[in-house]
Amino acid sequence: MEWTREQRYRRIEDVSKEEYEALKRQVSECPYRQTYHNQPVTGLLNDPNGFSYFNGEYHLFYQWFPLGPVHGVKYWYHTTSTDLIHWKDCGIALEPDQSFDSHGVFSGTAIEHDEKLYLMYTGNSRDEDWVRYPTQCLAVMDKKGEIYKYPEPVIKAAPDNVTEHFRDPKVFKVDDTFYCLVGAEMDNNQGTVVYYESKDLLNWNYKGEVKTTFKGNGFMWECPDYFTQNGKGVMIISPQGMEPDGDKYQNIFQSGYLIGEEIDWKEAVFNHGEFTELDRGFEFYAPQTMVDPQGRHILVGWFGLPGIDCVSDENGWAHCLTLPRELQVVGNKLLQKPVKELQQLRGNRVEVNTQLQNESKSFIGFEGTVYELMANFTSLDAQLVGVKLRTSQDEETLFYYDLRNKKLVLDRSKSGRTCGDEYGVQRKCDFDSNKLTLQIFVDTSSIEIFVNEGEEVFSTRIFTKEESTGIEFFVDGIANLETTIWELNK
Ligand code: FRU
């Protein structure tokens, strides 16, 4: 179905109760609904927003178009949790109800100040000629959960040398000063991050560009994020328009990090290393990080990509969020591990220790559509070691270590129904190790694979038949295998 502009810019109050209930029913009948991932009740979910800890709870908002699986007029939808795993549905937080956000309450972040949660977001509005006017706006949530929007944007227009692509404020505090990073496209069509400073979150002074050496890489850098850990500064960006380079940058758009010295915000010169993709799989974009009361840096991403359809579109909804990952800076690398709270979901467990020799093997008790799987391959004397997931006679999703070529490979050529095949059905990255440790989370329509304690992560949505439940381990050569599977109970 082609969606007209009128249909994309309809608001939830413009449709009848009956129409909306029918959409809800259609969504709930979808065979691809996830069981332990944050997903929309109807319509399209994209970026995580306002990820924070406030008043004894984690808050995780997200971009939402309620009325169908397309990018229409965006709302912020609100969920809360005390354990990062069980999310309470708090409904709509921010609606596109002001002249400055009439065409979408776009992405942004949250920060606690004066016992309130300040939500800073992009107001997206357009005029009759469809010219876009981005502004940066503020809303405040009190401890009762009541949200009040400031009547005027706090940053009323883009800097002079920036195009209409000026969005996704990331707010943080250093000593007694607030900083706000904004993703931008410069007049010369280069992506960048510009920044502002403020003492009160209301009055912002423009400071200029963050001076990175990562230049010429894309026309727009969306959703900037920044944090410091172990004396290092980490900047996360989602650049649009990078060209593929070998195995890298195969998705339509990328999401990755730069690690360097902590940024001194007087000059904002950032000396950093290489741009590294956060996820080596198929769908991952626009992540946000937060620091929780235990001091952990936690990241959640959008388990989707702009410009790519989703198989579940036919049931009136699209996309979900990734599992939360704990981040650790080790040298010049960012390790990403699933948060330990996920262990709460573990139910029945089956364990096998064995040696595999030129074979592909399945074990009793190793099967399902929703589970966590640990597989530890050691004493590798092999060309290939790996695992096939969600198998049946004609379906399988393959993940393996190709020791000859020193690559990790995720192959979804036989995963069932797909979207975005024009961007390829395999993803690879360089890898060199004498062991392969996999922690894998399978949900109804997704797989997230954490390799060697967070050195690499591969995520993919899969639209596999319900009866494709098999798991097989394979080795071309010899390897020891210790593996455990847990049923996951929500
Ligand atoms: C990234 C993005 C952001 C924007 C939002 C709109 O996916 O394009 O730049 O704020 O989505 O939904």
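I will try to describe carefully the structure that is included in this document. Since the model is a prediction, treat every value here as computed from it, not as a measurement.

1. So, the overall build of the protein chain
Helix and strand counts for the protein chain stand at 2 helices and 30 strands. Here the C-alpha atoms of the protein chain give a radius of gyration of 22 Å, agreeing with the 23 Å that 2.2 N^0.38 yields for 490 residues. With the principal axes as the frame, the protein chain shows a C-alpha extent of 65 × 55 × 40 Å. Within the span of the protein chain, comprising 490 residues, buried residues form 61% of the whole. Taking all contacts inside the protein chain whose residues are at least 6 apart in sequence as the whole, residues at least 24 apart take part in 60%. As displayed, the protein chain offers around 19,600 Å² of accessible surface, 43% of which is attributable to carbon and sulfur atoms. Within the protein chain, one finds 50 positive and 78 negative side-chain charges whose respective centroids are separated by 2 Å.

2. A closer look at the pattern of salt bridges
Enumeration over the complete set of coordinates arrives at 28 salt bridges. One salt bridge in this structure joins Arg10 and Glu19, with 3.1 Å as the shortest N-O distance. The class for Glu19 is partly exposed, based on a relative accessible area of 40%. Its salt-bridge partner being Arg346, residue Glu372 comes within 2.7 Å of it at the nearest N-O pair. Placement of the pair is Glu372 in strand β23 (residues 371-391) and Arg346 in strand β22 (residues 346-361), with a sequence separation of 26 residues. A relative accessible area of 1% means that Glu372 is categorised as buried. Residue Arg346 is classed as partly exposed on the basis of its relative accessible area of 22%.

3. Some points on the environment of Val425
Along the chain, the position of Val425 falls in the loop between β25 (407-414) and β26 (426-430). Note on Val425: relative accessible area 27%, which makes it partly exposed. The contacts of Val425, once residues within four sequence positions are left out, are Phe282, Leu410, Asp411, Arg412 and Ser413.

4. A look at the side chain of Thr109
Tracing the backbone shows Thr109 in strand β5 (residues 105-113). Within the local environment of Thr109, its side chain forms a polar contact with the backbone oxygen of Pro169, the two atoms lying 2.9 Å apart. If we ignore the near neighbours within four places in the chain, the residues touching Thr109 are Gly50, Trp76, Tyr118, Leu119, Met120, Pro169, Lys170, Val171 and Gln288.

5. Here's the deal with the site of the ligand
All residues in the neighbourhood of the ligand are listed as Asn46, Asp47, Gln63, Lys74, Phe106, Ser107, Arg167, Asp168, Glu222, Tyr285 and Trp302. In this structure, an oxygen atom belonging to the ligand sits 3.1 Å away from a main-chain N or O atom of Ser107. Interatomic distance of 2.8 Å between a side-chain N/O atom of Glu222 and an oxygen atom of the ligand. Look at the ligand: alone it shows 320 Å² of surface, and the protein chains cover 92% of it. Cavity membership is defined here by more than half of the atoms lying within 2 Å of grid points; on that basis the ligand lies in the largest pocket. Elements with a contribution of two residues or more to the shell around the ligand: β1 (43-54), β5 and β9 (162-174). Grouping the amino acids of the shell around the ligand by side-chain chemistry returns 3 nonpolar, 3 polar and 5 charged.

Thresholds, definitions, all that
Residues numbered from 1 in each chain as written. Predicted model: local features only at pLDDT ≥ 70, side-chain atom pairs only at ≥ 80, totals over all residues. Heavy atoms only, no water. Helix = DSSP H or I, 4+ residues; strand = E, 2+ residues; numbered from the N terminus. Rg over C-alpha atoms; globule rule 2.2 N^0.38 Å. Buried < 20%, exposed > 50% of the residue type's maximum accessible area, 1.4 Å probe, protein only. Contact = heavy atoms within 4.5 Å. Areas by Shrake-Rupley, 256 points an atom, 1.4 Å probe, with all protein chains shown as cover. Lys, Arg positive; Asp, Glu negative; His and termini not counted. Charge placed at Lys NZ, Arg CZ, Asp CG, Glu CD. Salt bridge = Lys/Arg side-chain N within 4 Å of Asp/Glu carboxyl O. Polar contact = N/O pair within 3.5 Å; in protein donor to acceptor, adjacent residues only side chain to side chain. Near = heavy atom within 4 Å. 1 Å grid on protein atoms, 1.4 Å probe; cavity = no way out; pocket = protein on both sides within 12 Å on 5 of 7 lines; lining within 4 Å. Sits in = over half its atoms within 2 Å of the grid points. Nonpolar A, V, L, I, M, F, W, Y, C, P; charged D, E, K, R; others polar.

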